[in-house]
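# Structural description and commentary
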Amino acid sequence: DAGITQSPRHKVTETGTPVTLRCHQTENHRYMYWYRQDPGHGLRLIHYSYGVKDTDKGEVSDGYSVSRSKTEDFLLTLESATSSQTSVYFCAIRAPPGGTGELFFGEGSRLTVL
Amino acid sequence: SQELEQSPQSLIVQEGKNLTINCTSSKTLYGLYWYKQKYGEGLIFLMMLQKGGEEKSHEKITAKLDEKKQQSSLHITASQPSHAGIYLCGAVIPSSGNTPLVFGKGTRLSVIA
């Protein structure tokens, strides 16, 4: 199994509070991703990173920011959580070039915003 | 993503029956990935197809990528309860801008005894 851990795995918070989700990898892979999964929408990309301090937006980036100060950690921050951000968040890392290039996913972080 | 359409959205089959899930794109696919997700868990990589006409199998699951590289099918032979879950296709669609891998909405499979 790819070494990806997400924390926290479950969180309940109130509207307007800041939330940070952490993704930690032990594979030393360059590419890391944050997706959210919602019924009827499937998996949608929030932000991704292609190296330390190198990040880019995905299709649903509004209301989210990310940071990557070390290869192994990719943080997703909701500055002021809203109910529409209630979701399951998945972190993923990508296999290096030369292989199949598949994504390896973490177990997910379930966030509920009341 | 609407760039990848999966059908059906959900499927209930009797144990032992065969089934097929489709993934269709209006654009050429450069790498098509199949994943399985058990309820409440993360996604598990099944297989990747890249060449038109390519076919791969893993245990009782076979995936194909059509010649034009715009559609893939996932076929399960003699389904078992362990096959239950959500199947998602993901693909590299370069014209999607910065989105490196887009996913379909998934097909929810239930297998009943």
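Just so it is clear, the model here is predicted, and its values are computed rather than measured.

Under the defined criterion, the tally for this structure stands at 13 aromatic pairs over all chains. Centroid distance Tyr64(A) to Tyr89(A): 5.9 Å. Interplanar angle 65 degrees. Geometry classified as edge-to-face. Note that Tyr64(A) is positioned in strand E7 (residues 64–70) and Tyr89(A) in strand E9 (residues 87–94), a separation of 25 residues in sequence. Look at Phe105(A) and Phe103(B): their rings are 6.0 Å apart centre to centre, the planes differ by 70 degrees, and that puts the pair in the edge-to-face class. Remark: Phe103(B) occurs in strand E10 (residues 102–103) and Phe105(A) occurs in strand E10 (residues 103–105); the pair is interchain, linking two chains. The rings of Tyr31(A), Tyr33(A), Tyr35(A), Tyr48(A), Tyr50(A), Phe90(A), Phe105(A), Tyr33(B), Tyr35(B), Phe45(B) and Phe103(B) are connected pair by pair, giving a single aromatic cluster.

Residues and elements named next belong to chain B. Most of strand E4 (residues 32–37) sits out of view: 6 of its 6 residues are buried. Neither face of E4 is open: one carries Leu32, Trp34 and Lys36, the other Tyr33, Tyr35 and Gln37, and all of them are buried. Two strands pair when backbone bridges link them, and E4 and strand E5 (residues 43–49) are joined in this way by 6 bridges, in the antiparallel orientation. Note on E5: the bridge partner recorded for Leu32 is Leu49.

So, on to the side chain of Arg68(A). Residue and element names in this part refer to chain A. Inspection of the secondary structure puts Arg68 in strand E7. No salt bridge forms around the buried Arg68; measuring N to O, its nearest opposite-charge neighbour Glu72 is 7.3 Å away. There is a polar contact of 3.0 Å between the side chain of Arg68 and the backbone oxygen of His29. Look past the residues within four positions of Arg68 in its chain and what remains in contact with it is Gln25, His29, Arg30, Met32, Ser49, Tyr50, Gly51, Val52, Lys53, Asp73 and Phe74.

Residue and element names in this part refer to chain B. Structurally, Ser72 is set in strand E8 (residues 71–76). On the accessibility criterion, Ser72 (1% relative accessible area) is buried. Note: C-alpha distance between Ser72 and Cys23 (49 residues apart in sequence) is 5.1 Å. In this structure Ser72 touches Ile21, Asn22, Cys23, Leu32, Trp34, Leu49, Lys64 and Leu65, once residues within four positions along its chain are discounted. Within polar-contact distance, the side chain of Ser72 engages the side chain of Trp34 at 2.9 Å. In this structure the side chain of Ser72 is engaged in a polar contact, spanning 2.7 Å, whose partner is the backbone oxygen of Lys64.

Residues and elements named next belong to chain B. The strand order across the open sheet formed by 5 strands is E1-E3-E8-E7-E6, and the pairing between neighbours is antiparallel. Two strands in the sheet have a free side with no partner beyond their single neighbour: strand E1 (4–7) and strand E6 (55–58). Put simply, the sheet's adjacent strands are angled 15 degrees from each other on average, direction ignored. Bridge count between E6 and strand E7 (residues 61–65): 4 bridges; the pairing is antiparallel. Looking at E7, one finds that His58 is bridged to Ile61.

So, how was this worked out
- Each chain carries its own residue numbering, running from 1 in the written order of its sequence.
- Each chain gets a letter, beginning with A, and each ligand a number, beginning with 1, in the order they are written.
- Only residues with pLDDT of at least 70 are given local features in this predicted model, and only at 80 or more are side-chain atom pairs given and counted; all residues enter the totals for whole chains, interfaces and linings.
- Side-chain numbers come from the whole structure's heavy atoms, not from hydrogens or water.
- Centres within 6.5 Å make a pair out of two Phe, Tyr or Trp rings, where for Trp the six-membered ring is used; the pair is then stacked when the planes are under 30 degrees apart, edge-to-face when over 60, and tilted otherwise.
- Comment: elements are numbered from the N terminus, with helices defined as DSSP H or I runs of at least four residues and strands as E runs of at least two.
- Exposure classes here rest on a 1.4 Å probe applied to the protein chains alone. A residue is buried below 20% of its type maximum, exposed above 50%, and partly exposed in between.
- When DSSP finds at least two bridges between two strands, those strands are taken to pair.
- Charge counting treats Lys and Arg as positive and Asp and Glu as negative, with His and both chain ends excluded.
- Each salt bridge in this description consists of a side-chain nitrogen of Lys or Arg and a carboxyl oxygen of Asp or Glu lying within 4 Å of one another.
- Polar contacts, as used here, are pairs of N or O atoms within 3.5 Å; protein pairs need one atom able to donate a hydrogen and one able to accept it. Residues neighboring in sequence count only if both atoms are side-chain atoms.
- It only takes one pair of heavy atoms within 4.5 Å for two residues to be counted as in contact.
- In this analysis, axes come from line fits to C-alpha atoms, helices being fitted only over the stretch in contact, and the angle between any two N-to-C directions falls in the range 0 to 180 degrees.

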